[in-house]
Amino acid sequence: MQKRVLLIEDEPNIIEAIRFILSRDGWSVATHSDGETALAAIRASLPDVLVLDVMLPGRSGFDILADLRADPGLQALPVLMLTARGQGGARDAAEHAGADRFLSKPFANAEVLATLRELAGL
Amino acid sequence: MVPFNLLVAACLGYVIMLFLVAFRVERQARRGRVRWLRSPVVYTLSLSIYCTAWTFYGAVGYAARSGLEFATIYLGPTLVLIGWWWVLRKLVRIGRTQRVTSIADLISSRFGKSNLLGVIVTLICVASATPYIALQLQSVTLSFNVFAGPLPEGWAARDSNSTALWVAAGLALFTILFGTRNLDANERHNGVVTAIALEAVVKLVALLAVGIFTVWVAADGPADILARIEASEVAGWRMQPGRWAGLTFLAGAAVLTLPRMFQVMVVENSDERHLATASWAFPLYLFAMSLFVVPIAVMGLEVLPEGSNPDLFVLTLPLAFDQGGLAMLAFLGGFSSATSMVIVSAIALATMVSNHVVMPLWLRLRSGGARATGDVRGLVLMSRRLSIAGVLALGYGYFALSGGSSALAAIGLISFVGVAQILPAMLGGLFWRGATRLGAAAGLGVGFAIWLYALFLPSFGGGGLFPADLMAGGPLGIGWLRPQALFGIGGIDPLLHALFWSLSLNAAMFCAVSLLTFPGPMERLQGVAFVNVFDHSGPTRGWSRGGAEAEDLLAMAQGILGADAAQGFFQAQAAAQGKAGFLPDTTPEFIAALERRLAGSVGAATAHAMIAQFAAGAAVSVQDLMAVASEAQQIMEYSSQLEAKSEELARTARALSEANGKLRALSVQKDAFLSQISHELRTPMTSIRAFSEILMEGGLDGADQARYARIIHDETIRLTRLLDDLLDLSVLESGRVQLNQRAANLHDLIDRALQAAGQTRPERRFTVHRDPAGEHVAIFTDADRLVQVFINLISNARKYCDAERPELTIRARRRGARVEVDFIDNGSGIPAAAQSLVFEKFARLTDTTRAGGAGLGLAICREIMANLGGTIAYVPGQGGAAFRVALPVRRAREAA
């Protein structure tokens, strides 16, 4: 069965790149660009894996993740966080907030693919 | 014998020297080198204008006629100065705290800034000083004639009137040149004061020289002189205690109330401590002046032919011994005495006339409610100059009319009695809080009237204004109204008679009317400020909060003080309130300070009237009155001081915490800066890397391949632009930017900017309103940089304006040497919290997608404007986002 991924990211070109990479690998890709409404979008689509950017308009990825982990229905959802900010500190913060994996931009396409496959249990 | 021409030459030379001294000192003072000018010695010497030609020549004549009685004229001032602690100290302190400009201003200010009193006092002063000035002119003329008389050749034929006219004109010129330099009468006339101090030295040296000559050359030393005095009729003089006491009192009163004495003693005083020095030094000066009076008189009576004018012994005695040089020195001494008195009197009277008569008239005639703006300085200075000329013309006119009659000789004391009428109101105002405006007016009026009737008018002699039968029988035969025997009490010396009746009725009316009437609010305030001047030298509060706009007040003050002084004053006041810029809050304290500052130029009454035009209806609040009336006033004053202190502390704390908050915000931003750059660089790189990997793997169709290549291309451009912006910003911030300045038309620059910004969101309909008339301003600046700022603002409006039909209004207008361009859109504007941050780096308010920039645009704009010598600011409350760009029409050179 086709695995579904939800990408929450606001940079159109990055959305396009990730969508292309994952679609080509057989994923079903949904995208959302706004931080404030992200949680509702996750609840609506209930993906197998979530790719979450940290810098989002309206709400930060960390806050969304914290809500996610507090929600019993979404607690187990595997999350890959992406960030373009700094080093070191961001990774710790992501792990602390409950991200399963963390990648900093720019990433290698193969790396994203491999991480998502692992998270989806493929 | 001295040739007359030589005398005229010496005289001219002396006057030219005075001009040079005054001129040099004015120049030094303007360069700030005035330390020695502000010494107590100069102050003491300037007080010596008390010794006019009347005392220089006349004291000897007086001694020849009435023996030691002349000493009373020196004794009165000596007592007043020795007792400086009680009256003079208070007078000087009040003069300084209230910025009093003249004695008329003092009385007017004390009694509720009443202009009526100002006018009355001015009238009294002018009436008593005019004959006195005439007397000085006469003394100069007479002394000229002593030299000219016996000689057939030279200018001897010249009649005495033209001599007086020349002297009067010369003095008017000097006084106008050096007396009306500063508008602020409260500032010292350094040049004049120094010239007067010099003249004081000259007259002392001259009189001492004649005295020493008399004792050691004409006579055979002190012992011989004492023997001669014993033998002369002067020794036969017997003291009349009543006249002695009366004259001493009169001279003491005069030293306090003579306009010229008030001018040098209070208005020109630069340091209260000088009084302490003057309190012993000035009596010493007077003592030295009087030391040789009796010897000169005795020798004159003995040596000179019967019937010689004793008033001129100082000149004729050296001449009789053929000592031309000494006589010349004596002449210069007398000349000094006369000129210094006339100069200072003219300044003092002109200030009064201009502040209490001309300015109020002008305010009333011109106003009709219209507010006083525009240049009042020119008007005030012109009215002072005309007043000086007017005062001297009056003096000359009086001299010419009275024909230099012998009646003039007595006018010195008559003048004294005239100005002494101010004494009750002055002392009452200084020491009695219950004294009222009406009381002062009644007292002054009665005293002035009696003086005119009983002393001044009769002084013209039997053939003068009063016919002999009026003098002998009273008006309409009413005996008890005889001018020199009021209430039927005759047989007294006319001077003492007038002095007694005028002053006692004056004081009685003053007290009685004061007790019967109630002081107005402003009178109460000023009364406390005067009577308790040592308890709280803090300013009186006469204004309550609100009403006046700081900007209006600034415009008015500029008209009076001049633009620089007014702006400096406002800026200092704003700084004291912890505010930047030119406009302080119009607190009662500020308005009171402004009023005092203006009072220093135009007098208290006029300053009050001018301020009242702006702070209408806000004159005195109930609290202010309570503060005065209540017994607990001291406590309230103290607590209000504490309140003011804690308010100030709170203000400082507020400013500190504001600064602290801003620092913290800035430091957070600095920390975020690297992280921001990282984000801005990594984001496009992510797309570039992802798509280049996709392209490397191959297997794409041509359309996709081209599209992905374009994305890589666009993102590279975005990266480049970001790096350009960062570099641009760092160059601008470091101030090492190369400006390419040229002349340009603002209209063309806005055209260019609109065209260049048209590519931002071209799909939206976007209306621009412009004002071509205002835009046509020629400016000299870096046009490309300015266009860069305009493009940024226009693109921002195109990007962020969230109105249904976005519109942008561009307004340009010239403000003096600057031009302001406003960009106002019709969107929802920038939230207040964000307004202070928009010009910071990376302070993009919405996030990336729409902006397409790194959030450096406005930060760059701010740096560009700083480099162009201008500013860019967010203007709240314009019904949308509004930015104001302001820059000099021509950039100042030193900033280049």
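Residues numbered from 1 in each chain as written. Chains lettered and ligands numbered in written order. Predicted model: local features only at pLDDT ≥ 70, side-chain atom pairs only at ≥ 80, totals over all residues. Heavy atoms only, no water.

## Brief notes about the sheet that holds strand β6 (residues 871-874) of chain B
Residues and elements named next belong to chain B.
So, point 1. In space, the five strands of this open sheet follow the order β2-β4-β5-β7-β6, with mixed pairing throughout. In the strand order of this sheet, the two ends are held by β2 (767-769) and β6, each with one partner. Mean inter-strand twist for the sheet, computed between neighbouring axes without regard to direction, equals 15°.
So, point 2. Here strand β5 (residues 818-825) pairs with strand β7 (residues 882-888) via seven bridges, running antiparallel. Across the sheet, the residue bridging to Asp822 is Arg884, located in β7.
So, point 3. With respect to the sheet, helix α34 (residues 783-800) is in contact with β4 (807-815), β5, β6 and β7, its orientation differing from that of β7 by roughly 170°. (Pairing = 2+ DSSP bridges. Helix = DSSP H or I, 4+ residues; strand = E, 2+ residues; numbered from the N terminus. Axes fitted to C-alpha atoms, helices over the stretch in contact; angles between N-to-C directions. Contact = heavy atoms within 4.5 Å.)

## Some thoughts on helix α28 (residues 604-612) of chain B
So, point 1. Burial within α28(B) is extensive, with seven of its nine residues counted as buried.
So, point 2. Regarding α28(B), the residues found buried are Ala604(B), Ala605(B), Thr606(B), Ala607(B), His608(B), Met610(B) and Ile611(B). (Buried < 20%, exposed > 50% of the residue type's maximum accessible area, 1.4 Å probe, protein only.)

## Quick notes on the confidence of the model for chain A
So, point 1. Of the residues in chain A, 96% have a pLDDT of 70 or more, and the chain-wide mean is 87.
So, point 2. The spread of mean pLDDT over the elements of chain A runs between helix α4 (residues 89-97) of chain A, the lowest at 76, and strand β1 (residues 4-8) of chain A, the highest at 93. (pLDDT = per-residue confidence, 0-100.)

## Regarding the side chain of Ser415(B)
Residue and element names in this part refer to chain B.
So, point 1. In this fold, Ser415 is placed in helix α19 (residues 411-420).
So, point 2. For Ser415, a relative accessible area of 2% translates into the label buried.
So, point 3. Of the polar contacts made by the side chain of Ser415, one reaches the backbone oxygen of Ser128; its length is 2.3 Å.
So, point 4. Look past the residues within four positions of Ser415 in its chain and what remains in contact with it is Ser128, Ala129 and Tyr132. (Polar contact = N/O pair within 3.5 Å; in protein donor to acceptor, adjacent residues only side chain to side chain.)

## Some remarks on the confidence of the model for chain B
Low-confidence regions, as indicated by low pLDDT, have predicted coordinates that should not be scrutinised in detail.
All names here are of chain B.
So, point 1. Confidence along chain B averages 79 in pLDDT terms, with 83% of residues attaining 70 or more.
So, point 2. Predicted confidence is poor over residues 625-632, with pLDDT under 50, and the contacts of this stretch with residues over four places away or in other chains come to ten contacts.
So, point 3. The ipTM for the predicted assembly is 0.93, set against a pTM of 0.60.

## A word on the pattern of salt bridges
So, point 1. Following the criterion strictly, the structure yields 28 salt bridges over all chains and no others.
So, point 2. A salt bridge links Glu16(A) to Arg707(B); the nearest nitrogen and oxygen atoms lie 2.4 Å apart. Of this pair, Glu16(A) sits in helix α1 (residues 12-24) while Arg707(B) sits in helix α31 (residues 702-734), each in a different chain.
So, point 3. Where Asp784(B) meets Arg742(B), a salt bridge forms, and the shortest distance between an N and an O atom there is 4.0 Å. With Asp784(B) in helix α34 and Arg742(B) in strand β1 (residues 742-745), this pair connects stretches of sequence that are 42 residues apart.
So, point 4. Ionic contacts of the salt-bridge type, sharing partners, join the residues Arg813(B), Glu820(B), Asp822(B) and Arg884(B) into one network. (Salt bridge = Lys/Arg side-chain N within 4 Å of Asp/Glu carboxyl O.)

## Things to note about the packing of aromatic side chains
All names here are of chain B.
So, point 1. Following the criterion strictly, the structure yields 20 aromatic pairs over all chains and no others.
So, point 2. Centre to centre, the rings of Phe331 and Phe335 are 6.1 Å apart; their planes meet at 20°, and the pair counts as stacked. Of this pair, Phe331 and Phe335 are both found in helix α17 (residues 324-366), four residues apart, which corresponds to roughly one turn of the helix. In this pair, the class of Phe331 matches that of Phe335, namely buried.
So, point 3. Through successive ring pairs, a cluster of aromatic residues spans Tyr14, Phe144, Phe331 and Phe335.
So, point 4. Positioned above the aromatic ring of Phe780 is the side chain of Arg890, whose terminal nitrogen or guanidinium carbon lies 4.4 Å from the ring centre. (Phe/Tyr/Trp six-rings, centres within 6.5 Å; stacked < 30°, edge-to-face > 60°. Lys NZ or Arg CZ within 6 Å of the ring centre and 35° of its normal.)

## What about a nonpolar patch on the surface?
Residue and element names in this part refer to chain B.
So, point 1. On the surface, Val119, Val357, Leu361 and Leu365 cluster together into a nonpolar patch covering about 350 Å² of accessible area.
So, point 2. Here the nonpolar patch gets three residues from one element, more than from any other, and that element is α17.
So, point 3. The residue Leu365 is located in helix α17 in this model. (Patch = residues over 30% accessible without salt bridge, like charges linked within 9 Å, V, L, I, M, F, W, Y side chains within 5 Å. Areas by Shrake-Rupley, 256 points an atom, 1.4 Å probe, with all protein chains shown as cover.)

## Here's the deal with the pairing of strand β4 (residues 79-83) of chain A
All names here are of chain A.
So, point 1. In terms of residue burial, β4 counts as a mostly covered element, since five of its five residues are buried.
So, point 2. Residues Val79, Met81 and Thr83 point to one face of β4 and Leu80 and Leu82 to the other, with burial holding for every one of them.
So, point 3. Sheet topology places strand β3 (residues 49-53) next to β4; four bridges connect them, and they run parallel. Paired with Leu50 across the bridge in β4 is Val79.
So, point 4. Running through helix α3 (residues 61-70), the crossover from β3 to the neighbouring parallel element β4 is right-handed.
So, point 5. Examined bridge by bridge, β4 and strand β5 (residues 101-104) share four bridges and lie parallel to one another. Note that in β5 the partner of Met81 across the bridge is Phe102. (Right-handed = clockwise from strand over helix to strand, strands pointing away.)

## Brief notes about the environment of Arg69(A)
Residues and elements named next belong to chain A.
So, point 1. One can find Arg69 in helix α3.
So, point 2. Judged by its relative accessible area of 18%, Arg69 falls in the buried class.
So, point 3. Residues Arg69 and Gly98, spaced 29 residues apart in sequence, show a C-alpha to C-alpha distance of 7.1 Å.
So, point 4. Beyond its immediate sequence surroundings of up to four residues, Arg69 is in contact with Leu74, Gln75, Ala76, Leu77, Val79, Ala97, Gly98 and Asp100.
So, point 5. Of note is the side chain of Arg69, whose polar atom sits 2.6 Å from the backbone oxygen of Gln75.
So, point 6. Polar side-chain contacts of Arg69 include one of 2.9 Å to the backbone oxygen of Gly98.

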